[in-house]
Every structure is written in structure tokens, then in C-alpha cells.
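An overview of the molecular structure
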Amino acid sequence: MIVKYDTERNGMRAASRVVKAALDEAQNMIRPGVTTLEIDAVIEKTIRAMGAIPSSKGFCGYPNASCISVNDVVVHGIPSLQVIKSGDIVSVDITALLNGYQGDAARTFAVGDVAQADLDLIDAAEAAFFIGIENAKAGGRIGDVSSAIQLYSELHGYGVVRALTGHGIGHKMHEAPEVPNFGKKGTGAPLKAGLCLAVEPMITRGTWQVKIDRDGWTARTKDGSNAAHYENTVIVTDGAPEILTL
Ligand code: MF3
Ligand code: CO
Ligand code: CO
């Protein structure tokens with residue numbers, strides 16, 4: 001959506017604050033020995049305690065409040081009895097609906113003793129997001145953001161996932177335009193002041209190719225390499241975008 005009024009802007013901000021609070025709760029409890037389902041339960045409780053609804057639950061039949069994606073799972077990992085262990089990298093992605101507005105954000109957390117190359121991967125996903133939104137300005141194009149994310153990620157040797165993209169956001173979790181993490185500067189949908197976007201680099205230590213598990217959701221790297229995901233909901237302006245889920 002393109003926010004015009006303070007009521008809409010504040011609505012998007014408030015929904016995003018719920019998502020951030022739930023991410024913080026997840027981060028606080030994530031340690032070796034917990035299951036991804038236990039993390040999901042705390043996320044759902046946090047969202048509901050704030051008067052919001054976990055938008056993912058029931059979305060196209062998705063069963064849980066969050067997506068929790070471990071190691072080679074890029075996104076859409078379904079919370080389960082899988083036990084987190086030291087050395088894992090765990091991506092947590094949360095969408096919440098509050099008063100008709102959606103917020104969406106993801107982080108990848110390092111648990112215990114994690115390989116330096118995986119820590120670097122996590123940092124690169126975050127850096128790719130910030131370089132992407134540096135290029136998100138009213139008057140520009142979506143491709144300005146996409147190309148910046150791709151160039152940074154590939155320059156550092158990472159695979160950039162193509163099958164899944166960022167997106168517009170507002171009253172619905174997924175709105176136009178798509179925000180791919182690859183593309184060409186100066187192409188794609190126009191960026192306008194007030195446009196709300198979920199920008200979400202998904203990068204891997206190997207291939208950009210993913211495969212979907214038999215559950216129909218879990219997206220893994222084809223080569224088994226680890227992946228990281230970093231997402232925020234932002235509002236485009238004439239200057240630097242406002243980041244709502246920090
Ligand atoms: N939060 C995801 C995104 O970034 C979408 C979740 S898909 C769902 O777009 F099925 F889990 F809801
Ligand atoms: Co998300
Ligand atoms: Co998203």
C-alpha cells in the first residue's frame with residue numbers, strides 16, 4: 001500500500017512493533033535444546049498478547065505463527081519437534097496483523113558455537129538489506145533495490161535466491177510490487193513516497209537454487225549449503241526509507 005495519512009502510517013508502525021517484539025522474544029529463548037515449535041509458541045503468545053493476529057497461521061494453509069528455518073532451510077521452515085543445537089543458524093520470520101495493518105520481518109540467529117563462515121553469511125544478509133534500501137528512494141525503481149542487493153551478495157560470493165522475493169505490504173501480507181533480490185537498476189515498478197515494502201534478502205553459501213520439501217513449504221538450498229534471511233518492513237520516502245521493524 002501507499003500510505004498517505006498519519007493513521008495509515010501509524011497503523012503500519014504499530015503492526016511492525018508487534019513483529020519486532022515477537023522477534024525479540026524468539027531471540028531471547030533460542031538456545032541449544034529448544035524445539036522450533038517451542039519458539040513458535042512463544043511467538044504466537046507474544047503476538048496475541050499485543051492484540052494482534054499471527055498472519056502466517058492459515059495463510060494458504062500454513063500451519064504456524066512463524067516460519068523457522070534451520071541451516072540449509074532458506075525460508076518457510078515449519079515449526080516442529082526439531083531440537084536446536086549449538087552451531088545451528090536459525091532464521092525466524094514473523095508476520096502480524098494489527099488493526100488491519102501487516103508487519104513482516106525476519107532475522108537469522110546464530111546458536112552457540114557457529115562457524116565463522118556462517119556468521120559472515122548472517123552479517124552479509126543484513127548488510128545486503130541495508131545496501132538495498134539505501135537505493136530505495138521515491139523517483140527510483142524497484143530494480144535499484146534489487147540490483148544493489150544482488151551485486152553486494154554476489155560480490156561476496158553468496159548465492160542469491162530467485163524463487164522467493166520481497167513484496168509490497170499493507171492491509172495484506174503480500175501486495176504488489178514484487179521486490180526481487182536480483183535485477184537491473186532503473187527497471188521495475190516505480191518507487192513512490194509512502195510505498196510500504198518488505199525487503200528481504202535470502203542468500204546462501206552456495207547455489208541460488210532451492211527445492212521444496214514434500215511438505216510443500218520448506219525451501220532448502222539444492223546443494224545443502226547454509227542460508228540466511230534478513231527482512232524488514234519499510235516505508236519509501238524522498239530520503240532514507242523509514243524502517244518499521246528495527
Ligand atoms: N513472512 C513471509 C514473507 O516474508 C511469508 C510467510 S508465508 C506463510 O513473505 F505461509 F508462512 F505465511
Ligand atoms: Co517474512
Ligand atoms: Co516478507
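Computed from a prediction, not measured in an experiment: that's the story for all the values here. (Residues numbered from 1 in each chain as written. Chains lettered and ligands numbered in written order. Predicted model: local features only at pLDDT ≥ 70, side-chain atom pairs only at ≥ 80, totals over all residues. Heavy atoms only, no water.)

1. Structural notes on the pairing of strand E4 (residues 89-98)
Within E4, nine of the ten residues are buried, leaving the element largely enclosed by the surrounding structure. Here strand E1 (residues 53-54) runs beside E4; their pairing, made up of two bridges, is antiparallel. Of the residues in E4, the one forming a bridge with Pro54 is Ala96. Here strand E2 (residues 66-70) pairs with E4 via five bridges, running antiparallel. Its bridge partner lying in E4, Cys67 is registered against Asp93. Direction of pairing for E4 relative to strand E5 (residues 101-110): antiparallel, over a ladder of ten bridges. Across the sheet, Leu98 pairs through a bridge with Tyr101, a residue of E5. Between E4 and E5, which pair antiparallel in sequence order, lie two residues; one of them, Asn99, sits at a positive phi of approximately 50 degrees. (Buried < 20%, exposed > 50% of the residue type's maximum accessible area, 1.4 Å probe, protein only. Helix = DSSP H or I, 4+ residues; strand = E, 2+ residues; numbered from the N terminus. Pairing = 2+ DSSP bridges.)

2. A few points about the sheet that holds strand E13 (residues 227-229)
If you walk across this open sheet you meet the three strands as E6-E10-E13, and the pairing is antiparallel. With one partner strand each, in any of the chains shown, strand E6 (159-160) and E13 form the two edges of the open sheet. Bridge analysis of E6 against strand E10 (residues 202-204) gives two bridges, and the strand direction is antiparallel. Bridge assignment links Val160 to a residue of E10, and that residue is Ile203.

3. Considering the coordination of the cobalt ion (ligand 3)
Taken together, Asp104 (OD), His167 (NE2), Glu200 (OE) and Glu231 (OE) make up the full set of protein donors to the cobalt ion (ligand 3), lying 2.0 to 2.2 Å away. Coordination at the cobalt ion (ligand 3) is irregular: its six donor atoms span angles of 51 to 168 degrees at the metal. Positions of the donor residues of the cobalt ion (ligand 3), expressed as sequence spacing, correspond to D-x62-H-x32-E-x30-E. Separating the cobalt ion (ligand 3) from the cobalt ion (ligand 2) is a gap of 3.2 Å, which Asp104 spans by donating to each of them. Placement of Asp104 in strand E5 and of Glu231 in the loop between E13 and strand E14 (232-235) is noted, with a sequence separation of 127 residues between them. Residue Asp104 shares its accessibility class with Glu231, and that shared class is buried. (Donors = N, O, S within 2.8 Å, 3.2 Å for Na, K, Ca; no water. Tetrahedral: all angles 85-135°; square planar, octahedral: opposite > 155°, others 65-115°.)

4. Thoughts on the site of ligand 1
For ligand 1, the set of nearby residues contains 14 residues, the closest of which are Asp93, Thr95, Asp104, His174 and Glu200. Between His174 and ligand 1, the recorded distance is 2.7 Å, taken from a side-chain N or O atom to an oxygen atom. A distance of 3.0 Å separates an oxygen atom of ligand 1 from a polar side-chain atom of Glu200. Relative to its unbound accessible surface of 330 Å², ligand 1 loses 97% to contact with the protein. (Near = heavy atom within 4 Å. Polar contact = N/O pair within 3.5 Å; in protein donor to acceptor, adjacent residues only side chain to side chain. Areas by Shrake-Rupley, 256 points an atom, 1.4 Å probe, with all protein chains shown as cover.)

5. Some details on the nonpolar core
In terms of nonpolar packing, the biggest core is built from 33 residues, with Met12, Ile39, Ile43, Ile47, Val90, Val92 and Ile94 touching the most fellow members. For this core, the secondary-structure elements that each account for two or more residues are helix H1 (6-29), helix H2 (36-49), E2, E4 and E5. Residue contributions to this core peak at nine residues, all from H1. Membership of the second largest hydrophobic core comes to 25 residues, among which are Ile89, Ile149, Ile203 and Val236. (Core = buried A, V, L, I, M, F, W, Y, C linked by side-chain atoms within 4.5 Å.)

6. Observations concerning the sheet that holds strand E9 (residues 196-199)
Read across the sheet, five strands follow the order E8-E7-E9-E14-E15 without closing on themselves; strand pairing throughout is antiparallel. The strands lining the two open edges of the sheet, one partner per strand, are strand E8 (175-179) and strand E15 (242-243). Bridge count for strand E7 (residues 166-168) against E9 is two bridges, and the pairing is antiparallel. Its bridge partner being in E9, Gly168 is matched across the sheet by Leu197. Against the sheet, H1 makes contact with E9, E14 and E15, and its axis sits at roughly 165 degrees relative to E14, the strand it touches most. (Contact = heavy atoms within 4.5 Å. Axes fitted to C-alpha atoms, helices over the stretch in contact; angles between N-to-C directions.)

All we've got here are geometric facts, nothing functional implied.
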